[in-house]
Amino acid sequence: EQDVALIYQTLDAQEAANLLAKYDVDYVYIGPREKAKYGNDGLGKFESFMEQVFSQDDVIIYMVAP
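**Comments concerning helix α2 (residues 13-22)**
Step number 1: Taken together, the buried positions of α2 are occupied by A16, L19 and L20. Taken end-on, α2 shows its buried residues confined to a sector of 100 degrees, consistent with a single buried face. Along α2, the residues that are exposed and aim more than 90 degrees away from the buried face are A21 and K22.
Step number 2: On its buried face, α2 is in contact with α1 (2-9), β1 (27-30), α4 (46-49) and β2 (50-56).
Step number 3: Two or three places before Q14, at the start of α2, stands the capping residue D12, its side-chain oxygen 2.9 Å from that residue's backbone nitrogen.
Step number 4: Positive backbone phi, approximately 55 degrees, marks D24, located one or two places after α2.

Here you go:
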């Protein structure tokens, strides 16, 4: 649970990428619940190392780039 919070909240893209790889995560979901729980500050980093595969209303899904 602590690592999940860190993935969303860290401003360090490399740290988030390392944690996603550690848990073999392929997709990151960002919706209203994630924004409310983890805040918006760390969410911009996903664009720098992941591919946005879905965006509608308040939901964005990123995929780990191959």
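There's more to say after this.
**A short note on the pairing of strand β3 (residues 59-64)**
Step number 1: As paired strands, β1 and β3 are joined by four bridges and run antiparallel to one another. The partner of V28 across the bridge, within β3, is Y62.
Step number 2: Here six bridges tie β2 to β3, and the two strands are oriented antiparallel to one another. Bridging across to β3, M50 finds its partner in V64.

**So, the packing of α1 against α2**
Packed helix pairs are specified by the crossing angle of their axes together with the interaxial distance, meaning the distance between the axes.
Step number 1: Contact geometry for α1 and α2: axes closest at 8 Å, N-to-C directions at 140 degrees. Taken together, the axes of α1 and α2 lie oblique to each other. Where α1 crosses over α2, the two elements pack in a sense that is left-handed. Contacts between α1 and α2 involve D3, L6 and I7 from the first element and E15, A16, L19, L20 and K22 from the second.
Step number 2: Classifying every residue of the contact of α1 with α2 by side-chain character gives five nonpolar, no polar and three charged.

**Let's talk about the environment of F49**
Step number 1: Positionally, F49 belongs in helix α4.
Step number 2: C-alpha of F49 to C-alpha of V59: the two residues are 10 residues apart in sequence and 18 Å apart in space.
Step number 3: The contacts of F49, once residues within four sequence positions are left out, are A13, A16, A17, L20 and A65.

Thresholds applied
Residues numbered from 1 in each chain as written. Predicted model: local features only at pLDDT ≥ 70, side-chain atom pairs only at ≥ 80, totals over all residues. Heavy atoms only, no water. Buried < 20%, exposed > 50% of the residue type's maximum accessible area, 1.4 Å probe, protein only. Helix = DSSP H or I, 4+ residues; strand = E, 2+ residues; numbered from the N terminus. Arc of directions from axis to C-beta. Contact = heavy atoms within 4.5 Å. Polar contact = N/O pair within 3.5 Å; in protein donor to acceptor, adjacent residues only side chain to side chain. Pairing = 2+ DSSP bridges. Axes fitted to C-alpha atoms, helices over the stretch in contact; angles between N-to-C directions. Parallel < 35°, antiparallel > 145°, perpendicular 65-115°, else oblique. Left-handed = near helix turned anticlockwise from the far one by under 90°. Nonpolar A, V, L, I, M, F, W, Y, C, P; charged D, E, K, R; others polar.

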